[in-house]
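So you can see what is in the structure, the chains are spelled out below.
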Amino acid sequence: MEGLLDRPLNPNKLLKEQFVSNLTGSSLLEIAALSTIVPVVVVLRKWSSRDNIRRDSVKKNDDALADHKDGVYYFSALVIDCLTVVLPILLIFTILAEWAYICAISLVVVISIYILLKRSQSHLKAQQHLPSLRADISSYRVSVVLVTCLSILAVDFKIFPRRYAKAETYGSGIMDLGVGSFVVANALVSRQARNITSMRWKAALRSISPLGFLGFARLISTSGVDYQVHVGEYGVHWNFFFTLAAVSILTSIIRIHPKYCGIVGMLVLAGYQVWLNFGLNEYLTSDERSADIIGQNKEGVYSIFGKNIYVYMNFLSFFCLRC
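Residues numbered from 1 in each chain as written. Predicted model: local features only at pLDDT ≥ 70, side-chain atom pairs only at ≥ 80, totals over all residues. Heavy atoms only, no water.

- In the nomenclature of an unreviewed UniProt entry, the protein chain corresponds to GPI-anchored wall transfer protein 1 from the organism Aegilops tauschii subsp. strangulata.
- Quoted straight from UniProt, the Subcellular location (unreviewed entry) entry for the protein chain says "Membrane". (UniProt positions renumbered as here; feature names shortened; annotations may be inferred.)

Following this line, the structure appears as structure tokens:
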């Protein structure tokens, strides 16, 4: 009995940490190809579903469909989404990883032909409607969540190329886009992007409370089951949810009009780069850790400033689109 109690919960913890450590990432061209495949697949699926809805609306009479028919329709749409969106992305990120460039070029050609065919059909021009900005943002957020979930689940398996995982110090993989993509997605639907300037502190704390809860829940659960945690990613206690919560808090404290977000973003970018060149970079990439909470989580804490650049730049871009 004592032997069972002394046995670690995760005996392969060190091997699993080494499996995702000391990685150098992929090329920017391959990341661009992968980043092209995902939105193209989502757009093609959305356009095809829009055509089906338009075709069904012409055939459908005024009578309401039965509930079981609605259930069958939504279930069939879910299955089609899995087959036309989730499965292709999963295959390209795993067994078809060597064909990423060919897949990207092929999909771009397909979507280009689709657009040309649609434009050539003059009798459909009156029925064509430009997709709303809200629908495009929703599609982007869905793409980010989908790629993040697939990557997190696949990174622990050998079938997932190591170059796609997060790089250790220098370099970049497709998973390095995760936090930045979520920050961009949150910025596009933030209060500032919706022109909500005044906000109470209680509302701000209430909005970030789910992120804080998830952050502490992940910290407690990973510590409780002795789950492998790569310290060089966020630090000893920090994680993805704490980063999103911290960025939300900073943008709530420092309220900047969208007109000046570009200038502030450039100043933060320049200041952060100067700080990196004058010693911060060496400190972050070294194994030196002080006993305080910031030193223990230096990777996650100091990355907050870089993430705010995404926020301010997207405030500016969204403001320009609305204008």
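Anyway, onward from the coordinates.
**Comments concerning the environment of Pro161**
So, point 1. Take Pro161: it is sitting in the loop between helix H6 (133-154) and helix H7 (178-188).
So, point 2. Among the residues examined, Pro161 registers a relative accessible area of 12% and is labelled buried.
So, point 3. In the structure, Pro161 is positioned 67 residues away from Thr94 in sequence and 6.8 Å away in space, judged by C-alpha atoms. (Helix = DSSP H or I, 4+ residues; strand = E, 2+ residues; numbered from the N terminus. Buried < 20%, exposed > 50% of the residue type's maximum accessible area, 1.4 Å probe, protein only.)

**Considerations on the packing of H6 against H7**
So, point 1. Running from amino to carboxyl end, H6 crosses H7 at an angle of 155°, the nearest separation of the two axes being 10 Å. Our classification of the angle between H6 and H7 gives roughly antiparallel. Like other packed secondary-structure pairs, H6 and H7 cross with a definite hand, here left-handed. In this structure, H6 contributes Ile137, Tyr140, Arg141, Val144, Val145 and Thr148 to the contact, and H7 contributes Ser181, Phe182, Val184, Ala185 and Leu188.
So, point 2. Among the residues forming the contact of H6 with H7, the class breakdown is eight nonpolar, two polar and one charged. (Axes fitted to C-alpha atoms, helices over the stretch in contact; angles between N-to-C directions. Parallel < 35°, antiparallel > 145°, perpendicular 65-115°, else oblique. Left-handed = near helix turned anticlockwise from the far one by under 90°. Contact = heavy atoms within 4.5 Å. Nonpolar A, V, L, I, M, F, W, Y, C, P; charged D, E, K, R; others polar.)

**Focus on the pattern of salt bridges**
So, point 1. Under the definition given, this model contains five salt bridges.
So, point 2. Between Arg163 and Glu30 there is a salt bridge, with the nearest N and O atoms lying 3.0 Å from each other. Of this pair, Arg163 sits in the loop between H6 and H7 while Glu30 sits in helix H3 (residues 28-59), placing them 133 residues apart in sequence.
So, point 3. On the basis of relative accessibility, which here comes to 6%, the residue Glu30 falls in the buried class.
So, point 4. The salt bridge partner of Arg163 is Glu98, with a shortest N-O separation of 3.5 Å. Residue Arg163 is found in the loop between H6 and H7, and its partner Glu98 is found in the loop between helix H4 (67-92) and helix H5 (100-120); the two are separated by 65 residues along the sequence.
So, point 5. Given the relative accessible area of 24%, Arg163 is considered partly exposed.
So, point 6. Given the relative accessible area of 62%, Glu98 is considered exposed.
So, point 7. In the salt-bridge network here, residues are joined through shared partners; they are Glu30, Glu98 and Arg163. (Salt bridge = Lys/Arg side-chain N within 4 Å of Asp/Glu carboxyl O.)

**Looking at helix H8 (residues 201-224)**
So, point 1. Given a rise of 1.5 Å per residue, 24 residues ought to cover 34 Å, and the 33 Å separating the end C-alpha atoms of H8 matches this to within 8%.
So, point 2. A bend of about 40° at Ile208 is the largest found in H8, and the proline Pro210 appears one to four places after it.
So, point 3. Along H8, the residues that are buried comprise Ala204, Ile208, Leu211, Gly212, Gly215 and Thr222.
So, point 4. On the buried face of H8, the contacting elements are helix H10 (240-253).
So, point 5. Of the residues flanking the end of H8, it is Asp226, one or two places downstream, whose phi is positive at about 60°. (Expected span 1.5 Å × (residues − 1). Bend = angle between axes of the 7 residues up to and from the residue.)

**Let's talk about the side chain of Ser151**
So, point 1. Mapped onto the fold, Ser151 is located in helix H6.
So, point 2. If sequence neighbours within four positions are ignored, Ser151 has contacts with Phe93, Phe160 and Met175.

**A look at empty space enclosed by the protein**
So, point 1. Under the definition given, this model contains one cavity of 30 Å³ or more.
So, point 2. Around the largest cavity sit Trp201, Ala204, Leu205, Ile208, Ser248, Ile249 and Ser252, which together line it.
So, point 3. Residue assignment for the lining of the largest cavity shows that the elements contributing at least two residues are H8 and H10. (1 Å grid on protein atoms, 1.4 Å probe; cavity = no way out; pocket = protein on both sides within 12 Å on 5 of 7 lines; lining within 4 Å. Points joined across faces, edges and corners; volume = space filled by probe spheres on them.)

**What about the packing of aromatic side chains?**
So, point 1. All chains considered together, the criterion is met by eight aromatic pairs.
So, point 2. Aromatic side chains Trp275 and Tyr302 sit 5.5 Å apart centroid to centroid with 75° between the ring planes, which places their arrangement in the edge-to-face category. One end of the pair, Trp275, is in helix H11 (residues 261-285); the other, Tyr302, is in helix H13 (residues 298-322), with 27 residues separating them in the sequence.
So, point 3. By relative accessible area, Trp275 is classed as partly exposed at 38%.
So, point 4. Owing to a relative accessible area of 16%, Tyr302 belongs among the buried residues under this scheme.
So, point 5. Each ring, one from Tyr283 and one from Tyr302, has its centre 6.1 Å from the other, and the planes form 85°; the classification is edge-to-face. Here Tyr283 is found in helix H11, whereas its partner Tyr302 is found in helix H13, with 19 residues between them in sequence.
So, point 6. Joined through ring pairs, the aromatic side chains of Phe93, Phe160 and Tyr164 make up one cluster.
So, point 7. The ring of Tyr283 has Lys298 sitting right over it, with the charged end atom 4.7 Å from the ring centre. (Phe/Tyr/Trp six-rings, centres within 6.5 Å; stacked < 30°, edge-to-face > 60°. Lys NZ or Arg CZ within 6 Å of the ring centre and 35° of its normal.)

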